[in-house]
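# Residue-level structural notes
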Amino acid sequence: MEKTQELERIVKELLGHLGFDLTPAVSFEENTYNVSLSAEKDSALLIGYHGETLNSLQVVISLILFRKFNEALSVVVDIDGYRKERHERLKALAVRTSDKARFLNMPQTLPAMNAFERRLIHLFVSEVVPDMKSESTGEGRSRSVVISPKSLIDNQKEMEKGLEEDLLEKLEGKNEV
């Protein structure tokens, strides 16, 4: 049985066990299996808070496929276009936060996000807002992205370097006495 057909069967069966009668549309593009589901009345339940349920469903499907085919397959599960919509919202958030960081000339911290969403923010900032820098901070589920003006970071580095040089000069001066 072809992997696309097997994936469709697995998703339908898994959702059936969860009490959903949905037919997935599976496609294979750019080394990724895309599973699209249409669930008008149940979409919020399947997506969950900030897509957490959807992400979990995707992980479970990936694990089932790994056990079945003994190879890691890239799978993206989407319900009613949620992923594309979230992608656009994250892009807008990155731009708004960059504008705020630029205006205030201060680092701005975004809410905690999963690794995939943090990666998207980093990509947006590097591609769309070249005068800004982004970095991840925190640990575990509370990991977030901080967006800062590059000029602010450069100024901080210069100040730190100047302080180090001043300290070294004072230390050298004490050693000579």
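Everything here concerns the structure above.
Residues numbered from 1 in each chain as written. Predicted model: local features only at pLDDT ≥ 70, side-chain atom pairs only at ≥ 80, totals over all residues. Heavy atoms only, no water.

## Re the environment of Glu6
Operational definition: Here a strand is any run of E in DSSP of at least two residues, a helix any run of H or I of at least four, and the numbering for each starts at the N terminus. Summary of the burial criterion: residues with accessible area below 20% of their type's maximum are buried, those above 50% are exposed, and those between are partly exposed, where the area comes from a 1.4 Å probe applied to protein chains only.
Assignment of secondary structure puts Glu6 in helix 1 (residues 3-17). Glu6 gets classed as buried once you look at its relative accessible area, which sits at 3%. Residues Glu6 and Val26, spaced 20 residues apart in sequence, show a C-alpha to C-alpha distance of 9.8 Å.

## Comments concerning a negative patch on the surface
What counts is decided by this rule: Patch criteria: residues need more than 30% relative accessible area and no salt bridge. Like-charged residues are merged within 9 Å; nonpolar side chains of Val, Leu, Ile, Met, Phe, Trp and Tyr are merged within 5 Å. Reported accessibility uses the Shrake-Rupley method at a 1.4 Å probe radius. Residues are deemed covered only where the shown protein chains occlude them. Any carboxyl oxygen of Asp or Glu within 4 Å of a side-chain nitrogen of Lys or Arg constitutes a salt bridge here. We treat Lys and Arg as the positive residues and Asp and Glu as the negative residues; His and chain ends play no part in the count. For this purpose, a charge sits on NZ of Lys, CZ of Arg, CG of Asp or CD of Glu.
A surface patch of like charges, here negative, comprises Glu164, Glu165, Glu169 and Glu172. Inspection of the secondary structure assignment puts Glu172 in helix 6 (residues 150-176).

## Quick notes on the sheet that holds strand 4 (residues 108-109)
For the record, the criterion: Strands were regarded as paired on the criterion that DSSP finds at least two bridges between them. Contact definition: two residues touch when any of their heavy atoms are within 4.5 Å. Comment: axis = line fitted to C-alpha atoms, over the contacting stretch for helices; angle = value between 0 and 180 degrees taken between N-to-C directions.
Read across the open sheet, the three strands follow the order 4-6-5; overall the sheet is antiparallel. Each of the sheet's edge strands pairs with one partner strand only, and the pair in question is strand 4 and strand 5 (132-137). With six bridges connecting them, strand 5 and strand 6 (residues 144-149) associate as antiparallel partners. Counterpart to Thr137 in the pairing with strand 6 is Ser144. Against the sheet, helix 4 (residues 82-104) touches strand 4, strand 5 and strand 6, its axis set at about 45 degrees to strand 6. Against the sheet, helix 5 (residues 115-128) contacts strand 5 and strand 6, and its axis sits at roughly 165 degrees relative to strand 5.

## A word on the packing of helix 1 against helix 3 (residues 52-69)
Applicable threshold: Every angle not falling under 35 degrees, over 145, or within 65 to 115 is termed oblique; those three ranges are roughly parallel, roughly antiparallel and roughly perpendicular. Crossing handedness follows the turn of the near helix against the far one: under a right angle anticlockwise gives a left-handed crossing, and clockwise gives a right-handed one. The residue classification treats Ala, Val, Leu, Ile, Met, Phe, Trp, Tyr, Cys and Pro as nonpolar and Asp, Glu, Lys and Arg as charged. All others, Gly included, are polar.
Their axes nearest at 11 Å, the elements helix 1 and helix 3 cross at an angle of 130 degrees. Between helix 1 and helix 3, the angle is such that the two are oblique. Remark: the crossing between helix 1 and helix 3 carries right-handed chirality. The segment helix 1 lies against helix 3, with Lys3, Glu6, Leu7, Ile10, Val11, Leu14 and Leu15 engaging Leu57, Val60, Ile61, Ile64, Leu65, Lys68 and Phe69. Among the residues forming the contact of helix 1 with helix 3, the class breakdown is eleven nonpolar, no polar and three charged.

## Looking at unusual backbone geometry
Although it is not a glycine, Asn70 sits at a positive phi angle of roughly 60 degrees. With respect to the helices, strands and loops of the structure, Asn70 is situated in the loop between helix 3 and strand 3 (74-79). In this structure Asn70 comes out as exposed when scored by relative accessible area, which is 65%. We note that Asn105 has phi near 55 degrees; this positive angle belongs to a residue other than glycine.

## Some details on the sheet that holds strand 3
The three strands lie next to each other as 1-2-3, forming an open sheet whose pairing is mixed. Sheet topology places strand 1 (25-29) and strand 3 at the edges, where each strand pairs with a single neighbour. Strand-to-strand twist across the sheet, computed as the mean angle between neighbouring axes with direction ignored, equals 20 degrees. One ladder, built from six bridges, connects strand 2 (residues 32-37) with strand 3; its direction is parallel.

## Notes on the pattern of salt bridges
Considering all chains together, one arrives at ten salt bridges under this definition. Linking Glu6 and Arg9 is a salt bridge whose minimum nitrogen-to-oxygen distance equals 2.5 Å. Here Arg9 and Glu6 lie together in helix 1, a separation of three residues that amounts to about one turn. The closest approach of N and O atoms between Arg89 and Glu85, which form a salt bridge, is 2.7 Å. Of the two residues, Arg89 and Glu85 both sit in helix 4, four residues apart, roughly one turn of that helix. You can call Glu85 partly exposed: its relative accessible area is 45%.

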